[in-house]
Amino acid sequence: MFSMMISGSVHGVDGRAIAVEVDIASGLPQVNIVGLPDPAVRESIDRVRAALRNCGFVFPLERVTINLAPADLRKEGTAFDLAIAAGILAASGQLPGELFAGMLLIGELALDGAVRPVPGVLAMVEQARRAGIGRVMLPAGNVAEAALIGGMERFALTHLDELGAPGRPRDWAPLRRAADLACAGVPGEANATAPPREGGEAGGCGDYGDVIGQPIAKRALLIAAAGRHNILLSGPPGTGKTMLVRRLPGILPDLTEQEALEVTKIYSAAGQLPAGVSSLIRERPFRSPHHTISTGGLIGGGTIPKPGEVTLAHRGVLFLDELPEFSRQALEVLRQPLEDRFVTIARARAVFRFPSSFMLAASMNPCPCGYWGHDSVTDDRSCHCTSVQIARYRAKLSGPLLDRIDMQIEVPRPASYDMPNGEMTTAMMREKVAAARERQEARRRMTGIDWNGDLSGAALRRTARLSKDSSLLLREAFDTMGISLRAHDRVLKLARTIADVEERDTIDPEHIAEAIQYRKLDLQS
Ligand SMILES: [Zn+2]
């Protein structure tokens, strides 16, 4: 007898429907599984066999063939267990196949028949919903996550024996009630989920109002956040570069509904959603991988690739502390996401595409020891690096990478008389960012571009709107400082954002002058 069940898998960060076909024919007892399964999928047979037996069902002693379609898609993981078990029960006549008609089946089985949660449920359920599937049976531990996609009838399974016994299917209404009960608080916007940080670090990033001094750096970070410009902070150790950047998520605008779904799907696919998640992730992600990270960890890796840090930072901030300490290959692979806003990873049979639209914030010391150019009378620490060492250190940042960083600022040591000032708190900065964001929103119809940081060419020139004095000033700076055409465009983009922060339609000379200040490295070289 033959049966077909619907299951799902995750490709990149998107769900794919997988048909699980089971055929049982007379012959010597034998099980074949085809359709590009990885070892975990092959082992599924052993789990399903034990689980069925331990729940009072029979594993057929005949020729069992299991096909996972489409055949050209590599299948991995343990999420097909439930669909394979259901397929065998239906094909062997132990339960009526109609029970599972039009139902997405996801779940890993333990040997005793317990049903365990799996990663990527959100993406699978979302895809199924779009394909018109209206019912899903899944592990109780994944129900809340599945409930983030509305309009589905959900059945929560904790144990395989809840399906019934051979020839005697149980009433599944309690499974549906259990699911509804588990997601009673959903969508629970009150307890919005925060994206997990790397290393299990807790969220909460502090307030800019507590930062001592650094008015210029704070202003620069405000502008970077307002136009989503990539930013590089340079300065000696102990000036609080890291602390300044870590406060960035607090001033970024809220995720839109669509963005929240995108981000939550990514964390679901990466298996990093907190257990019992009851709402979409509402905070912008902040990722700060250590400089020893591999290129695979950064852009995604594995035989079936999982999201890397550039994807986990999607719609948020990727912070690279001590930028020149990262390997040359790691810095090199950053170019594609910075340019295209996605990464592609090629494998033998498929190309995977991951979204990676993030704001890059980076920090560096001015030289290997960190004290170059910051010798002071009151401080006996001074730089002993040779000019060759300094040149080699800076040369690690390639031109093409620096080209993608709109703002480069110096963060000096705070003076001893600096005090925390309440003039720029996170709440006030956030308000300014939101206002600048609205002005960009309004222009999007004209440009098709979300953030000033992504403006270029014709779109940039259309939106720049320079006053006459500004044009003159820009031309003059262009001539006297010998800045390149690329740097010219970057100054223009930044000036657009500064004008937006000041709620001005036209770019005034002071906006141009401030923007030039943020191009430290162009002026030095
Ligand atoms: Zn030094």
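Residue numbers restart at each chain and count upward from 1, following the sequence in its written direction. Note on the predicted model: pLDDT of at least 70 is required for a residue's local features to be given, and 80 or more for side-chain atom pairs to be given and counted; whole-chain, interface and lining totals, by contrast, use all residues. In computing side-chain values, all of the structure's heavy atoms are included and hydrogens and water are not.

Working definition: helices are DSSP H or I runs of at least four residues, strands are E runs of at least two. Numbering for both runs from the N terminus. In this fold, glycine 296 is placed in helix H10 (residues 295–299). Between buried and exposed lies partly exposed: a residue is buried under 20% and exposed over 50% of the maximum accessible area for its type, with that area taken using a 1.4 Å probe on protein chains only. For glycine 296, a relative accessible area of 28% translates into the label partly exposed. The sequence separation of glycine 296 and alanine 123 amounts to 173 residues, and the corresponding C-alpha distance is 22 Å.

A word on the domain arrangement of the protein chain. An automatic or database domain assignment supplies the residue ranges for each domain. Here the protein chain is described as being made up of domain 1 (2–186), domain 2 (198–417) and domain 3 (429–524). With centres defined by C-alpha atoms, the gap from domain 2 to domain 3 works out at 23 Å. Contact residues are listed per partner, giving 27 residues for domain 2 and 27 residues for domain 3. Salt bridges, as used here, are contacts in which a Lys or Arg side-chain nitrogen is within 4 Å of a carboxyl oxygen on Asp or Glu. For the interface between domain 2 and domain 3, the tally reads eight salt bridges. Arginine 219 is paired through a salt bridge with glutamate 514; the nearest N and O atoms lie 2.8 Å apart. Pairs of N or O atoms within 3.5 Å make up the polar contacts considered here, provided that, within protein, one atom can donate a hydrogen while the other can accept it, and that residues adjacent in sequence are counted only when both atoms are side-chain atoms. The interface formed by domain 2 and domain 3 holds 15 residue pairs in polar contact (both at pLDDT 80 or more) in total. Secondary structure elements with two or more residues in the side of domain 2 that touches domain 3: helix H7 (215–227), helix H15 (399–403) and strand S20 (407–410). At eight residues, the largest contribution of residues to the side of domain 2 that touches domain 3 is made by H7. Taken together, the residues of the side of domain 2 that touches domain 3 break down into 14 nonpolar, four polar and nine charged. Here a residue-residue contact requires only that any non-hydrogen atoms of the pair lie within 4.5 Å. Side-chain classes follow a simple rule in which Ala, Val, Leu, Ile, Met, Phe, Trp, Tyr, Cys and Pro form the nonpolar group, Asp, Glu, Lys and Arg form the charged group, and the remainder, Gly included, forms the polar group.

Quick look at the packing of helix H16 (residues 426–447) against helix H19 (residues 485–501) now. To obtain an axis, a line is fitted to C-alpha atoms, over the contacting stretch when the element is a helix, and the angle between two such axes runs from 0 to 180 degrees between their N-to-C directions. The N-to-C vectors of H16 and H19 enclose an angle of 115 degrees; their axes lie 8 Å apart at closest approach. Pair H16 / H19 crosses with right-handed handedness. Listed contacts from H19 to Lys432, Ala436, Arg439, Gln440 and Arg443 of H16 are Arg496, Asp500 and Val501. Note on convention: near helix rotated counterclockwise from far helix by under a right angle means a left-handed crossing. Clockwise means right-handed.

Another point: the coordination of the zinc ion. Each metal's donors are the N, O and S atoms found within 2.8 Å of it, except that Na, K and Ca use a 3.2 Å limit; water is left out, so coordination can look incomplete. Around the zinc ion, the protein contributes the donor atoms Cys367 (SG), Cys369 (SG), Cys383 (SG) and Cys385 (SG), at 2.2 to 2.3 Å from the metal centre. Every angle between 85 and 135 degrees makes a four-donor site tetrahedral, while opposite donors more than 155 degrees apart, with all other angles between 65 and 115, make a four-donor site square planar and a six-donor site octahedral; other sites are irregular. In this structure, the zinc ion is coordinated by four donor atoms arranged in tetrahedral fashion, with angles at the metal of 106 to 114 degrees. For the zinc ion, all donor residues lie on one chain, and their spacing in sequence is C-x1-C-x13-C-x1-C. Of this pair, cysteine 367 sits in the loop between strand S19 (359–364) and helix H14 (387–395) while cysteine 383 sits in the loop between S19 and H14, and the two are 16 residues apart along the sequence. Like cysteine 383, cysteine 367 is buried.

Attention shifts here to the sheet that holds S20. Across a sheet, paired strands are connected by hydrogen bonds in the backbone, their directions being either parallel or antiparallel. Pairing between strands requires that DSSP locate at least two bridges from one strand to the other. The strand order across the open sheet built from five strands is S13-S16-S19-S12-S20, with neighbouring strands paired in parallel fashion. Of all the strands in the sheet, the pair left with one neighbour each is strand S13 (286–287) and S20.

The next point concerns the confidence of the model for the protein chain. For every residue, the predictor reports its confidence as pLDDT, a number between 0 and 100. Put simply, the protein chain has an average pLDDT of 88, and 92% of its residues get 70 or more. Every residue in residues 186–191 is under pLDDT 50, and counting partners more than four places away or in other chains gives nine contacts. When the criterion is pLDDT under 50, residues 199–203 qualifies, and its contacts beyond four places in sequence or with other chains add up to three contacts.

Each aromatic pair joins two rings of Phe, Tyr and Trp (for Trp, the six-membered one) with centres within 6.5 Å, and gets the label stacked for planes under 30 degrees apart, edge-to-face for over 60, and tilted for any other angle. Following the criterion strictly, the structure yields three aromatic pairs and no others. Aromatic side chains phenylalanine 155 and tryptophan 172 sit 6.1 Å apart centroid to centroid with 65 degrees between the ring planes, which places their arrangement in the edge-to-face category. Linking phenylalanine 155 in strand S9 (residues 153–157) with tryptophan 172 in the loop between strand S11 (168–169) and helix H6 (173–182), this pair joins segments that are 17 residues apart in sequence. With relative accessibility at 6%, the residue tryptophan 172 sits in the buried group. Geometrically, the ring pair formed by phenylalanine 286 and phenylalanine 319 is tilted, given 6.1 Å between the ring centres and 40 degrees between the ring planes. Pair noted here: phenylalanine 286 is in strand S13 and phenylalanine 319 is in strand S16 (residues 317–320), with a separation of 33 residues, a long-range link. Residue phenylalanine 286 shares its accessibility class with phenylalanine 319, and that shared class is buried. Taken together, the ring pairs in this structure connect Phe100, Phe155 and Trp172 into an aromatic cluster.

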